[in-house]
2 protein chains.
Amino acid sequence: MRAVLVSLALALAACIPVWAQTADDSRPATSNLPGAEYPRIHSDLRVTFRVHAPGARKVQVVPGGNDNGLGKGPFDMTRDEKGFWAVTIPPAVPGFHYYWLSVDGFPCNDPSTFTYFGWNKESSGIEVPDRTLDFYDARDVPHGDVRSRWYYSKTTAAWRRVYVYTPPDYDRKRKARYPVLYLQHGSGESERSWSAQGRVNFILDNLIAARGAQPMIIVMENGMVAARPGGSASPPPGAAPPRRNEAFPDVVINDLIPMIDANYRTIPDRTHRAIAGLSMGAGQALQIGLSNLDHFAHIGSFSGGGIRNFDLQTSYGGVFRDAASFNRRVPVFWFGAGTAEAARMTSVKAAVEAMTRAGINAVWFEAPGTSHEWETWRKCLADFAPRLFGKPSRASRRRTATGSKG
Amino acid sequence: MRAVLVSLALALAACIPVWAQTADDSRPATSNLPGAEYPRIHSDLRVTFRVHAPGARKVQVVPGGNDNGLGKGPFDMTRDEKGFWAVTIPPAVPGFHYYWLSVDGFPCNDPSTFTYFGWNKESSGIEVPDRTLDFYDARDVPHGDVRSRWYYSKTTAAWRRVYVYTPPDYDRKRKARYPVLYLQHGSGESERSWSAQGRVNFILDNLIAARGAQPMIIVMENGMVAARPGGSASPPPGAAPPRRNEAFPDVVINDLIPMIDANYRTIPDRTHRAIAGLSMGAGQALQIGLSNLDHFAHIGSFSGGGIRNFDLQTSYGGVFRDAASFNRRVPVFWFGAGTAEAARMTSVKAAVEAMTRAGINAVWFEAPGTSHEWETWRKCLADFAPRLFGKPSRASRRRTATGSKG
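What counts, and at which threshold
- Every residue gets a number counted from 1 within its own chain, in the order that chain's sequence is written.
- Both sets of labels track the order of writing: A upward for chains, 1 upward for ligands.
- At least 70 in pLDDT is required for a residue's local features to be given in this predicted model, at least 80 for side-chain atom pairs to be given and counted, and no such filter applies to totals for whole chains, interfaces and linings, which use all residues.
- Calculation of side-chain values draws on the structure's entire complement of heavy atoms; hydrogens and water are dropped beforehand.
- Think of pLDDT as the predictor's per-residue confidence, scored from 0 to 100.
- Every residue pair with non-hydrogen atoms within 4.5 Å of one another is taken to be in contact.
- Between any two strands, pairing holds if DSSP finds at least two bridges.
- Starting at the N terminus, helices and strands are each numbered in turn, a helix being any DSSP run of H or I of at least four residues and a strand any DSSP run of E of at least two.
- Think of a nonpolar core as a cluster: buried Ala, Val, Leu, Ile, Met, Phe, Trp, Tyr and Cys residues, connected wherever their side-chain atoms sit within 4.5 Å.
- Summary of the burial criterion: residues with accessible area below 20% of their type's maximum are buried, those above 50% are exposed, and those between are partly exposed, where the area comes from a 1.4 Å probe applied to protein chains only.
- The salt bridge criterion pairs a side-chain nitrogen of Lys or Arg with a carboxyl oxygen of Asp or Glu, the two atoms within 4 Å.
- Geometry of aromatic contacts follows a simple scheme: Phe, Tyr and Trp rings, the Trp one being its six-membered ring, pair when their centres are within 6.5 Å, and the pair is stacked under 30 degrees between planes, edge-to-face over 60, tilted otherwise.

Things to note about the confidence of the model for chain A
Residues and elements named next belong to chain A. Taken over all residues, the pLDDT of chain A has a mean of 88, while the share at 70 or more is 85%. Every residue in residues 229–240 is under pLDDT 50, and counting partners more than four places away or in other chains gives 22 contacts. A low-confidence stretch, residues 394–406 (pLDDT under 50), is modelled with 27 contacts involving residues beyond four sequence positions or located in other chains. As a predicted assembly, this complex carries a pTM of 0.89 together with an ipTM value of 0.88.

Spelled out as structure tokens, the structure:
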């Protein structure tokens, strides 16, 4: 058997990531596969990418996204005599960034990184460290579970997978019930994104341990939901599929919330239920939340788009018309964005300012220096979650003497 | 915001999977990304792959693995005038198969599929249906959760992630305690593999619903554990990193089992604890199980390697010397493999035969027609799990009147 495995390892030599040694101050990114030496991050946050592609004529690093966190790109890589292609890019913005390689024009992933669901596919990603922050790190505090669960959706007539964060004490306090935050990803992402790219579990573990937020359940579903499976005509070859999410509100209200309340120890009322999301998910949170105030009392928009033709009297069914009533019904009405995406946020900021002038208690939060990217949304969550469901009580204080790090 | 998203979609058009229409009887593989039309599986199980790579000179499909389930390959794809490359391969073996593309010699993933951790990296995969089987499908039965949990390992001085399947009734029966199966992946795979490639949750959900197996917790860790982080010298450029797993037994015994018993409602004794694994993990299950019979009473080897120089008197510390004693201590001692990997299994089969002749109650199971691949290991699990922890009791019978599919 060992001989078989060795021969397989040799046969696969062409298919595995690239490892090599360097002599500078750079270190492998924490997002790399175990043992993968590239990409490497230098102390000044320059990043060196390197891949082995001896048969290619042109290889580039293509930063993915909206955020310019890795610079504009694409970055041409240079080939050495052994067929390794490498490039060092200028200092990157701390946080998580999508990227791809282009090999003779073909977009593909860097085989040295884990993949993250974004841009409607499995994508390479890199974590650029911010040494001034540790709020999303795995720290020595009690940790919750992130559960994946399958449930049947009558709306879509299909089985669906949802991710559910349960807080550290959930399994120990067998009679305790918890409030719930429904938390959505952006366009082209999935139910996996908030835990993988967003580090939702570490952010909440750390907040809860510091008594900075109430222990809560967080439900993360896939917001890209077509009304009927296969219901859309195929787009032309090479074109993106249409963004389909028209069925998501029905999934949330008719399928997801009843399933969660039936299977987890929730406090199943509106004052203990929040909804938030980022980018496309922010639009969904506003739409679903404001249209279902019998279900939700707290709403968060992270880097959400503009509210089209915002009008205090008519938008969202006139829900903002009576500010005092709205403030009573919606104790947390929260908007956030990164300062580096300010141009995209003009219309939403104007809407929030109009609400504020009219007496609506809307919060506006800015993450300094970041754009339409996960670092902004991690910071949004870290500001938003502590405002939900009241102050943490003594009962939920950090247990410090359990002796268990699990 | 919509304008931003549309412009992003256009900018990303070169980076997304390929969709197109076909007129034959083929269907997109269930393992494809939502909306991705290729790869497609024909009614006779031929598979058509198709990608858009107008700038490439040579594109191939490279079957991944040991199993020949997709044929020997690599398969040259043919370019059309629009830059789409396609190939239809002969009928494939039902089950899950790894594969890659080679684009001008660069090994990369098919952007139309989800990725699966195998061969030490994120790999493309395809699910070829077996219409005669549904034991690993998501069926209309109560479903358990698969939880990911972070815990601190003193052995490795690092935080580690483990996946834990909890059976359907776990959250409802708040005082019930459950037996535990520790279940390991193969070389180059990870803690994700048994749930993604192996469908462990559906297999157990279905068995438990049919009263074919005891409700149990299943713990899936990453068996590729070096003794010290960064402890190995970097291999030469382009070479695979050394397979490091020498610290795994210490992680299991000293870190993992205590954490699981402290945090989940286990029955924390040897008779309610089993260990099994596939390929490399089978070797680990035998080594860890037989060396720690104070911890484990049941052991399973799925497509395990040979037991080197097997000797009834001396192997594994002489544990087989007294057959009657061994049979009392190890009620389930189970070996399985696929018939199509028989050549690899000669030595382990010989060892099992020698044990049997000596009076050891070892089970030998063969999965018909499959090789060193996940279809074999799904079938192994479906035969092994029902033998563990006694007959299902009335208390665990399927609830049929709850009205909940969740």
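We are not done yet, so read on.
Quick look at the sheet that holds strand 6 (residues 78–79) of chain A
Residue and element names in this part refer to chain A. Within the open sheet, the five strands sit side by side as 1-2-3-7-6. Their pairing is antiparallel. At either margin of the open sheet sits one strand with a lone partner, and together these are strand 1 (27–28) and strand 6. Sheet topology places strand 2 (residues 40–41) next to strand 3 (residues 47–52); two bridges connect them, and they run antiparallel. Within strand 3, the residue paired with Ile41 across the bridge is Val47.

Observations regarding the nonpolar core
Core analysis: the largest hydrophobic core is formed by 48 residues, its most contacted members being Phe49(A), Met77(A), Phe49(B), Met77(B) and Ile126(B). Once residues lying within four places of it in the same chain are set aside, the contact partners of Met77(A) are Phe49(A), Arg50(A), Val51(A), Val59(A), Gln60(A), Val61(A), Trp85(A), Ala86(A), Val87(A) and Leu101(A). Val252(B), Tyr264(B), Leu293(B) and Ile307(B) belong to the second-largest nonpolar core, a separate cluster that totals 46 residues.

Quick notes on the pattern of salt bridges
Residue and element names in this part refer to chain A. One pass over the full model with this rule turns up 40 salt bridges over all chains. Among the ionic pairs, Glu221 bridges to Arg160, the shortest N-O distance being 2.8 Å. One end of the pair, Glu221, is in the loop between strand 15 (217–220) and helix 4 (248–263); the other, Arg160, is in strand 13 (residues 158–166), and 61 residues separate them in sequence. Across the pair, Arg160 and Glu221 agree in class, each one buried.

Some remarks on the packing of aromatic side chains
All names here are of chain B. On inspection of all chains with the given rule, the structure shows 46 aromatic pairs over all chains. Between Phe96 and Tyr116, the ring centres sit 4.7 Å apart and the planes meet at 65°, which makes this aromatic pair edge-to-face. Note that Phe96 is positioned in strand 8 (residues 95–103) and Tyr116 in strand 10 (residues 115–118), a separation of 20 residues in sequence. With relative accessibility at 2%, the residue Phe96 sits in the buried group. Residue class for Tyr116 comes out buried when judged on its relative accessible area of 11%. Seen in terms of ring centroids, Phe302 and Trp334 are 5.3 Å apart; in terms of plane orientation they differ by 75°. Their pairing is edge-to-face.

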